[in-house]
Amino acid sequence: MKQLTPMDSHFFYFEAPNQPMMIGSLWLCDQQTAPGGLVRHKEILQYIADRLNATSYFRRRLVQAPLGLDDPYWLDDPNFDLEYHVRHVGLPQPGDWRQLCIFTARTMSRSVDMRRAPWEVYIIEGLNNVEGVPPGSFAVLIRFHHAYVDGKAAVELSEALMETTAQHEYGRQNQVVVAERAPSRLELWARTTPRMMGQSLRSMKAGLKFSRKSFELIKRLRGDAMPEQRRVPRTLFNTEITPHRSYGGFEWSIPELKQLRQLCPGASLNDVVLSIIGGGLRRYLLQRHALPSESLVSMCPVSLRPEEAKKDCGNLISAMFIGIGTNIEDPVERLAAVQRRTAKGIPLAREVLYELNNSAGEMLPPSVRALSAWLQNKARLTGRVPLINTLITNVPGIPGMTPQYFAGALIRQVYPVVPIVDGMAISHGITGIYDHLNLGVLADREVMPDMDVYIACLEASTMEFRERLAALSVQEPAPSVQEPQNDSAGKRRSPRTRKPAQSRLKMAAEGPDKRPADSPVASLVANKA
């Protein structure tokens, strides 16, 4: 048995009906590449069984400690039922992106049965009118409980369902079933009692580490890591969330994003994405007449998972808190500000905040942490006090350009889904596949009923950066023509301006679009679920 860490148990204790702690990803699959051009549900079940039979990670369920006096354990389920976890559904016609996002939002608005392995796979048939995939395609929605995996581990476990060939050999894998015997109540007490007796010593050690890291944090915040902004503004996203969700997606070309880094030397691809999202949020809040004078602050998780533990369950993450420049109109100035802030935030997250957060969890007994989470879910204080405004997480995607297949169907796109909580009514998940970087946006439907408008704001923010890059290329002075002084003198060439690839616009809505025909977003449809 493996016990949940304080960080893992945090996601378990803080779950509530209005905030299920579920993360996932949405795949768009083209079954024309499968043998015969068709993938049957029984073949998908056999395929998943073949791919998962060499690991026990997908068979683990939660076992509570006696009386909740200690953190729960993960135990291999001897009664694991694959058909319970793999569901087969169909979209109503015409099977477009809007309807797919509606289904995704509704599914992500509820949790899973924690008495079973905390994951589900939905095979969604009937994608007949979705841009980028041919009619007759299907989608795969994979979702995990956040106590089970962090974002990076979820991607690694999802990769277990992928192959680099469309020719799967059904039933040819060696069957490796690992099932632990469920411990008796006496055995659980035998594990829990020594941990209760040793809690004082663990609390003392954690308290010393917490004090040391707190002093280090104060020292850094007064020095080179001093924040440019000292408070988090209150926005419409800082509220108590409802159980209802809306979902939308957006896509960039990775080569294009790399070109946009030229606007700010030293900027990373993540800096560009943060700046684009900051511009999108700025435009959206301006339309809602709700833009604060100070920048919105995003929590940006930082993975600390080493390569040798990339397929392990659990959470190994820290976080940095970045002002994403929603108060800066000029996109290049915004990018420079974000680049400057992330350069300070990443070392702080890796070297200080991770151990500070873990030691804070170790200081408190599990029963106290569970009680505080229960009180928070009842009082919902984080919905009233602004601590952050949004979440933006970039999870490493599928590396390389090698085609990936699911049961013989080519996986064309992958969109992440990240949970929201009280006080943070919108989240942004980013991942890559092939030469695409895909964004998945999950929001409270009461806070953001017009997901299509926000996706259009992201498109407009992206266009701002494209226009500035094009202007930069045009404004570069042409080289003066001079006679070379010797044979070794090189010739300077004018830079070529590459036409940026068009990013695809993804959005979702529920209900008919009531905008006039001449509206700039009349052709966009929002998802409300």
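It should be noted that the structure appears before, not after, this text.
So, a few notes on the structure that sits alongside this text. (Residues numbered from 1 in each chain as written. Predicted model: local features only at pLDDT ≥ 70, side-chain atom pairs only at ≥ 80, totals over all residues. Heavy atoms only, no water.)

## Some thoughts on the packing of aromatic side chains
Link 1 in the chain: A complete count under the given rule lists 13 aromatic pairs for this structure.
Link 2 in the chain: Consider the rings of F12 and Y13, whose centres lie 5.7 Å apart with planes at 55 degrees: the pair is tilted. Accessibility classification places F12 together with Y13 in one group, the buried group.
Link 3 in the chain: Taken together, the ring pairs connect F58, W74, F80, W119, F144 and Y148 into an aromatic cluster. (Phe/Tyr/Trp six-rings, centres within 6.5 Å; stacked < 30°, edge-to-face > 60°. Buried < 20%, exposed > 50% of the residue type's maximum accessible area, 1.4 Å probe, protein only.)

## As for the pairing of strand β4 (residues 73-76)
Link 1 in the chain: Burial of β4 is two-sided: the residues Y73 and L75 facing one way and the residues W74 and D76 facing the other way are all buried.
Link 2 in the chain: Where strand β1 (residues 2-3) and β4 come together, two bridges link them in antiparallel fashion. Among the inter-strand pairings, K2 is bridged to a residue of β4, identified as W74.
Link 3 in the chain: The sheet contact formed by strand β3 (residues 60-63) and β4 spans four bridges and is antiparallel. Among the inter-strand pairings, R61 is bridged to a residue of β4, identified as L75. (Helix = DSSP H or I, 4+ residues; strand = E, 2+ residues; numbered from the N terminus. Pairing = 2+ DSSP bridges.)

## So, the sheet that holds β3
Link 1 in the chain: Spatially, β1-β4-β3 is the arrangement adopted by the three strands of the open sheet, whose pairing is antiparallel. Only two strands of the sheet have a single partner each, and these edge strands are β1 and β3.

## Quick notes on the nonpolar core
Link 1 in the chain: Counting residues in each nonpolar core, the largest one holds 73 residues, and the members touching the most others are W27, I48, I124 and F406.
Link 2 in the chain: Elements supplying a minimum of two residues to this core: α1 (6-13), β2 (22-30), α2 (41-52), α4 (97-108), β6 (119-127), β7 (137-145), β12 (405-406) and β13 (409-417). (Core = buried A, V, L, I, M, F, W, Y, C linked by side-chain atoms within 4.5 Å.)

## Focus on the pattern of salt bridges
Link 1 in the chain: One pass over the structure, following the stated rule, counts 21 salt bridges.
Link 2 in the chain: The closest approach of N and O atoms between R466 and E256, which form a salt bridge, is 2.4 Å. Separated by 210 residues along the polypeptide, R466 in helix α12 (residues 451-475) and E256 in helix α8 (residues 254-260) bring together distant segments of the chain.
Link 3 in the chain: By relative accessible area, R466 is classed as buried at 7%. (Salt bridge = Lys/Arg side-chain N within 4 Å of Asp/Glu carboxyl O.)

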